[in-house]
Amino acid sequence: MQHAVGSPLPPPHQPGHGPGPGPATAGSPAQQQPGAPGFTGAPHHPPAPPPHPYPPVPPHRDTTGHVQLPPGGPVAVPSPPPAQAPADPGAITLAVLLIGPAGAGKTSVAKYWAECRRVPTAHISLDDVREWVRSGFADPQSGWNDHSEAQYRLARRTCGFAARNFLANGISCILDDAVFPDRPVVGLGGWKRHVGPGLLPVVLLPGLEIVLERNAQRSGNRRLTDEEVARIHGRMAGWYGSGLPIIDNSQLDVAGTAQVLDDVLARAIASPPQW
């Protein structure tokens, strides 16, 4: 029989010792049974196992998964302020959708507005999310088809999911997208479905000459042809008469447009638009 190095060796086998047969000796199992000859005490009970050397430790504040985040749900319509108190959009958790043609300044205004608010605010651009697809990206400029529509719908749903989770955790969100008034597939209905009825849409619609000038400063797939810019701008004019607030920022810089956006949102909170 092999034994671990350094452990004491067992004594040589003798009658009455070890596993071999022989008469029972004191302390053997036979004499530990009550009523057996030589029984001297209570039955033998094995000792209790020692306590676990490492008791469970409650999760630390820095432990991954310790902070429980509330799940995102549909964004509700903001509560209007009391009659005597004007709405302050800079201090309210909001979900805003900035609409406009390419070159309207949606992304620049949305970033600036998000950075300057007094409450935590996130900015989500649908174009940025759509371009997360690196291989197999369906560029709408190459033609609007089932593939590009599917990727657009996926990006919009992803934006809505992110916005709902931001709002559920006390973080406002401003989204931007070129939403058309005459195309249901890229209309407001999808945004309302994915974000919730509390989403506040606002249209940025500067003059055509301003949009063409800003588009000329773009590069890559964000730059459109002048004909495409004019066509999109003409279709965006359909928002007039829709009941949505429209900002003509032809003569406004980014900061000035953000200030007008705050004014528009204050009125929208007091009397939410019907859409």
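Above: the structure in question.
Residues numbered from 1 in each chain as written. Predicted model: local features only at pLDDT ≥ 70, side-chain atom pairs only at ≥ 80, totals over all residues. Heavy atoms only, no water.

**Student:** How do you make sense of the pattern of salt bridges when you look at a structure like this?
**Tutor:** Opposite charge on two side chains permits them to pair, given that their charged atoms come into close proximity. Under the defined criterion, the tally for this structure stands at four salt bridges. One salt bridge connects D127 with R130, and the closest N-O pair in it is separated by 2.8 Å. Placement of the pair is D127 and R130 together in helix α2 (residues 126-130), with a separation of three residues, close to one helical turn. Take R130: its relative accessible area is 12%, and that puts it in the buried class. With a closest N to O distance of 3.2 Å, R235 and D182 form a salt bridge. (Salt bridge = Lys/Arg side-chain N within 4 Å of Asp/Glu carboxyl O. Helix = DSSP H or I, 4+ residues; strand = E, 2+ residues; numbered from the N terminus. Buried < 20%, exposed > 50% of the residue type's maximum accessible area, 1.4 Å probe, protein only.)

**Student:** In this structure, what is going on with the packing of helix α1 (residues 106-116) against helix α7 (residues 254-270)? I would like to understand it.
**Tutor:** Geometrically, a packed helix pair is captured by the angle between its two axes and the distance between the axes. Their axes nearest at 9 Å, the elements α1 and α7 cross at an angle of 70°. Classed by the angle they form, the pair α1 and α7 counts as roughly perpendicular. Between α1, through S108, V109, Y112 and W113, and α7, the contact on the second element is made entirely by V254, A255, T257, A258, L261, D262 and L265. Of the residues belonging to the contact of α1 with α7, the class tally is eight nonpolar, two polar and one charged. (Axes fitted to C-alpha atoms, helices over the stretch in contact; angles between N-to-C directions. Parallel < 35°, antiparallel > 145°, perpendicular 65-115°, else oblique. Contact = heavy atoms within 4.5 Å. Nonpolar A, V, L, I, M, F, W, Y, C, P; charged D, E, K, R; others polar.)

**Student:** When you look at the state of the cysteines in this model, what are you seeing that I'm missing?
**Tutor:** As used in these notes, a disulfide is a covalent bond between sulfur atoms, one from each of two cysteines. Taken as a whole, this structure holds zero disulfides when the rule is applied. Left without a disulfide partner, C159 is nearest to the cysteine sulfur of C173, which lies 8.2 Å away. (Disulfide = S-S within 2.5 Å.)

**Student:** Sorry if this is basic, but what is going on with the packing of helix α3 (residues 146-168) against helix α4 (residues 188-195) here?
**Tutor:** At a minimum axis distance of 8 Å, the contact between α3 and α4 shows a crossing angle of 40°. Looking at the two axes, α3 sits oblique to α4. Two packed elements cross with a definite hand, and for α3 against α4 that hand is right-handed. Of the residues in α4, those touching α3 at Y152, R156, R157, C159, G160, F161 and R164 are G190, W191, R193, H194 and V195. Its residues assigned to classes, the contact of α3 with α4 comprises five nonpolar, three polar and four charged. (Left-handed = near helix turned anticlockwise from the far one by under 90°.)

**Student:** Is there a simple way to explain α7 in this structure?
**Tutor:** Counting along an α-helix, one turn takes 3.6 residues, and residues three or four places apart therefore face a common direction. The terminal C-alpha atoms of α7, which comprises 17 residues, lie 25 Å apart, in line with the 24 Å expected from a rise of 1.5 Å per residue. Among all positions of α7, only T257, A258, L261, V264, L265, A266, A268 and I269 are buried. Buried residues along α7 sit in contact with β1 (95-99), α1, β3 (172-177), β4 (200-204) and β5 (246-247). (Expected span 1.5 Å × (residues − 1).)

**Student:** Where do I start with the packing of aromatic side chains in this structure?
**Tutor:** The geometry of an aromatic ring pair is captured by the separation of the ring centres together with the interplanar angle, meaning the angle of the planes. For the coordinates displayed, the defined rule picks out one aromatic pair. Over the ring of W144 we find R183; its NZ or CZ atom is 5.0 Å from the centre of that ring. Over the ring of F180 we find R235, and its NZ or CZ is 4.6 Å from the ring centre. (Phe/Tyr/Trp six-rings, centres within 6.5 Å; stacked < 30°, edge-to-face > 60°. Lys NZ or Arg CZ within 6 Å of the ring centre and 35° of its normal.)

**Student:** It is not clear to me how the sheet that holds strand β2 (residues 121-125) should be interpreted in this structure. Could you clarify?
**Tutor:** Pairing between sheet strands relies on hydrogen bonds along the backbone, with the strands arranged either parallel or antiparallel. Here we have five strands laid out as an open sheet, ordered β2-β3-β1-β4-β5, and parallel in their pairing. Two strands close off the open sheet at either side, each with one partner strand: β2 and β5. Sheet topology places β1 next to β4; four bridges connect them, and they run parallel. Counterpart to V96 in the pairing with β4 is L200. Sheet contacts for α7: β1, β3, β4 and β5; angle to β4, the most-contacted strand, approximately 145°. (Pairing = 2+ DSSP bridges.)

**Student:** Where do I start with the environment of A122 in this structure?
**Tutor:** Mapped onto the fold, A122 is located in strand β2. Look past the residues within four positions of A122 in its chain and what remains in contact with it is A114, F166, I171, S172, C173 and I174.

**Student:** In this structure, what is going on with the nonpolar core? I would like to understand it.
**Tutor:** Note that soluble globular proteins tend to have their nonpolar side chains buried in a common cluster. L97, I99, L175, W191 and W239 are the most contacted members of the largest nonpolar core, which totals 31 residues. Of all elements in the fold, only β1, α2, α3, β3, α4 and α6 (226-236) reach the threshold of two or more residues within this core. Ranked by residue count, the leading element in this core is α3, at five residues. With residues up to four places along the chain from it excluded, the contact list for I99 reads K106, D177, V179, L188, P201, V202, V203, L204, M236, W239 and L244. Ranked by size, the runner-up nonpolar core spans 21 residues in total, among them L98, V109, A258 and A268. (Core = buried A, V, L, I, M, F, W, Y, C linked by side-chain atoms within 4.5 Å.)

**Student:** Explanation requested: the side chain of S172 in the structure shown.
**Tutor:** With respect to the helices and strands, the residue S172 is situated in strand β3. Taking the relative accessible area as the measure of exposure, S172 reaches 0% and is therefore buried. Within the local environment of S172, its side chain forms a polar contact with the side chain of R117, the two groups lying 2.9 Å apart. Apart from the residues within four sequence positions on either side, S172 is in contact with I92, T93, L94, R117, V119, P120, T121, A122 and L167. (Polar contact = N/O pair within 3.5 Å; in protein donor to acceptor, adjacent residues only side chain to side chain.)

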